[in-house]
Amino acid sequence: MFFSLHSLIWEHEVCSLLKYGELIPRLETALGKFSNRDSAEVIQPVRTTVPLQKHSGFLGVMPCYMENEGILCTKLVCFYKRPTGSTLPSTQATVMLLDPEYGNVKAIMDGDVITGMRTAAVSAISAKLLMCPDAEILTILGTGKQALSHYNVFTEVFSFKEVRVWSRSKDKAEAFAQSLGHHVTACESVEEAVRGADVIVTVTRSTVPVLSGQWVKPGAHVAAVGACRPDWRELDDTLMKQAVVYVDSREAAVTESGDIILSGAEVFAEMGEVINGTKPAHREKTTVFKSLGLGVEDAASAQLVFDKWKSKAM
Ligand SMILES: NC(=O)C1=CN([C@@H]2O[C@H](COP(=O)(O)OP(=O)(O)OC[C@H]3O[C@@H](n4cnc5c(N)ncnc54)[C@H](O)[C@@H]3O)[C@@H](O)[C@H]2O)C=CC1
Ligand SMILES: O=C([O-])C1=[NH+]CCC1
């Protein structure tokens, strides 16, 4: 067995190795390759989900093979519909890198930081391509782990003049806003938070729509990250029908996204197609990027962590 304990990469190590400046270009390349289906360079099926009915959750198995780069990877992620007030995590993940020739495990690493950072980085890529060039106001709906990683990358990559946050509980929104800095405003309602916003990130655990199209400014960009099951929603039909809808994966969108399946909205393009220049970026229109999370994003991120971890260990 070609596996040693040295290949366990812990959360604090992933945290210190992964940087948005290096991660974002890797993810752009990976998404472009993923959408170039003809080349068969990326083999990544829609994730398999095993219901954990007793615990209102799912185990997602997310394999990916990138032949040219020799990356073979799978993530195991458990995600849950937690009751209000629950302090248990919504997602927990572990990533495994394998050698594609021998089949042995090269590394097992924490998947929580990867999930937080790669999801936020992909949303930032969607904003870079789809938001209006003079975007000033960012709104984040939700105040959990993804809210924090999205705040971190959006403020690292862009210069918004105003950042607003909303949570169902005003106290939570205020505590979150204060933890981020004095320039962040906690809002009472979703409507107050999103009116006039140029970019809106939805990172809630909601299973019913929280964001209505009637409040969204024409030309705004929405990065919709929660609602990753076919019967879960974050966005209402009005928004889904008025927006140009971009996704990470068409196959995943029509299998897993309640916002797309239940609204009957049409998918215009994958983000990788915009990166490849085969589909246009409609910056002037209201756009939704429906993110579900892809194995190829985990594979590219894990390889980056592994390369940096190996070069540090040498
Ligand atoms: N697209 C992707 O690649 C990924 C999506 N996710 C999804 O993103 C969402 C957020 O994940 P985390 O930040 O890790 O979760 P978290 O539990 O840390 O935060 C969830 C937030 O949603 C709020 N919330 C819960 N129920 C709500 C409701 N009914 N209405 C409005 N707000 C509600 C909570 O108060 C909290 O602020 C989850 O749905 C998760 O499954 C997570 C990882 C990757
Ligand atoms: O891509 C991912 O890791 C997830 N998407 C939804 C929950 C977890």
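In the annotation of an unreviewed UniProt entry, the chain is listed under the name Ketimine reductase mu-crystallin and assigned to Neogobius melanostomus. Its UniProt record gives the chain the following Subunit (unreviewed entry) comment, quoted word for word: "Homodimer. Binds the thyroid hormone triiodothyronine (T3); T3 binding inhibits enzymatic activity." What the UniProt record of the chain gives under Sequence similarities (unreviewed entry) is the line "Belongs to the ornithine cyclodeaminase/mu-crystallin family."

Mind showing me how you'd approach the overall build of the chain here?
Broken down by element type, the chain carries 11 helices and 15 strands. Buried positions account for 49% of the 314 residues belonging to the chain. Within the chain, counting contacts between residues at least 6 apart in sequence, those at least 24 apart form 67% of the total.

Explanation requested: the sheet that holds strand β13 (residues 244-247) in the structure shown.
What links the strands of a sheet is backbone hydrogen bonding, and the strands pair in either a parallel or an antiparallel sense. Taking strand neighbours across the sheet as the criterion, the 8 strands line up as β10-β9-β8-β11-β12-β15-β13-β14 in an open arrangement whose pairing is parallel. The open sheet is flanked by β10 (184-187) and β14 (267-270), the only strands paired with a single partner. Across the sheet, the mean angle from the axis of one strand to that of its neighbour is 20°, orientation sign disregarded. Looking at chain direction, strand β12 (residues 221-224) and strand β15 (residues 287-290) are connected through 4 bridges and run parallel. Each bridged residue has a counterpart across the sheet, and for His221 the counterpart in β15 is Thr287.

Just checking my understanding: could you explain the environment of Glu174 for this structure?
By the secondary structure assignment, Glu174 is in helix α5 (residues 170-180). Its 17 C-beta neighbours within 10 Å are what place Glu174 among the partly exposed residues. For Glu174 and Cys187, which are 13 residues apart along the polypeptide, the C-alpha to C-alpha distance reads 8.1 Å.

Sorry if this is basic, but what is going on with the packing of helix α2 (residues 20-35) against helix α3 (residues 112-130) here?
How two helices pack is summed up by the angle between their axes together with the distance between the axes. Following both chains from N to C, one finds α2 and α3 inclined at 70°, their axes separated by 10 Å at the closest point. Considered as vectors, α2 and α3 are oriented roughly perpendicular to each other. Viewed along their axes, α2 and α3 form a crossing whose handedness is right-handed. Contacts between α2 and α3 involve Tyr20, Leu23, Ile24, Leu27 and Glu28 from the first element and Met117, Arg118, Ala121, Val122, Ala124 and Ile125 from the second. Class assignment for the residues of the contact of α2 with α3 results in 9 nonpolar, no polar and 2 charged.

Is there a simple way to think about the site of ligand 1 in this case?
Near ligand 1 there are 24 residues, and of these Ser90, Gly144, Gln146, Gly226 and Gly293 occur at the shortest range. Mapped by element, the contributors of at least two residues to the shell around ligand 1 are α3 and α4 (145-157). No other element matches α4, which puts 3 residues into the shell around ligand 1. Residue classes in the shell around ligand 1 are distributed as 7 nonpolar, 14 polar and 3 charged. In this structure, the shell around ligand 1 is formed jointly by two domains, domain 1 (5-114 + 296-313) and domain 2 (116-294), each of which donates at least three residues.

What's the story with the confidence of the model for the chain in this structure? I'm lost.
Parts of the model with low pLDDT should not have their predicted coordinates read in detail. A residue-level look at the chain finds 98% of positions with pLDDT of 70 or above and a mean pLDDT of 96. Confidence estimates for the predicted assembly give a pTM of 0.97 and an ipTM of 0.99.

Looking at this structure, how should I read unusual backbone geometry?
With the exception of glycine, the majority of residues adopt a negative phi angle, and the majority of peptide bonds are in the trans configuration. Even without being a glycine, Ala40 presents a positive backbone phi close to 55°. Mapped onto the fold, Ala40 is located in the loop between α2 and β2 (42-43).

It is not clear to me how the site of ligand 2 should be interpreted in this structure. Could you clarify?
Residues in close proximity to ligand 2 include Gly60, Val77, Phe79, Thr91, Ala93, Thr115, Cys228, Leu292 and Gly293, which together make up its full environment. Secondary-structure elements contributing two or more residues to the shell around ligand 2 are β5 (71-80) and β6 (91-98). When grouped by side-chain class, the residues that make up the shell around ligand 2 number 5 nonpolar, 4 polar and no charged. Here the shell around ligand 2 spans two domains, and each of domain 1 (5-114 + 296-313) and domain 2 (116-294) adds at least three residues to it.

Could you clarify how one ought to interpret the nonpolar core in this entry?
The tendency in soluble globular proteins is for nonpolar side chains to be buried side by side. Core analysis: the biggest nonpolar cluster contains 100 residues, and Ala121, Leu141, Ile200, Tyr246 and Val288 have the highest contact counts within it. In terms of residue count, α3 provides more of this core than any other element does, 10 residues in total. Three or more residues apiece are contributed to this core by two domains, here domain 1 (5-114 + 296-313) and domain 2 (116-294). Once residues within four sequence positions are removed from consideration, Val288 is found in contact with Val222, Ala224, Leu235, Leu239, Met240, Ala243, Val245 and Tyr246.

Basis of the calculations
Residues numbered from 1 in each chain as written. Chains lettered and ligands numbered in written order. Predicted model: local features only at pLDDT ≥ 70, side-chain atom pairs only at ≥ 80, totals over all residues. UniProt positions renumbered as here; feature names shortened; annotations may be inferred. Helix = DSSP H or I, 4+ residues; strand = E, 2+ residues; numbered from the N terminus. Buried ≥ 20, exposed ≤ 12 C-beta atoms within 10 Å, placed from the backbone. Contact = placed C-beta atoms within 7 Å. Pairing = 2+ DSSP bridges. Axes fitted to C-alpha atoms, helices over the stretch in contact; angles between N-to-C directions. Parallel < 35°, antiparallel > 145°, perpendicular 65-115°, else oblique. Left-handed = near helix turned anticlockwise from the far one by under 90°. Nonpolar A, V, L, I, M, F, W, Y, C, P; charged D, E, K, R; others polar. Near = placed C-beta within 6 Å. Domains from an automatic or database assignment. pLDDT = per-residue confidence, 0-100. Core = buried A, V, L, I, M, F, W, Y, C linked by C-beta atoms within 7 Å.

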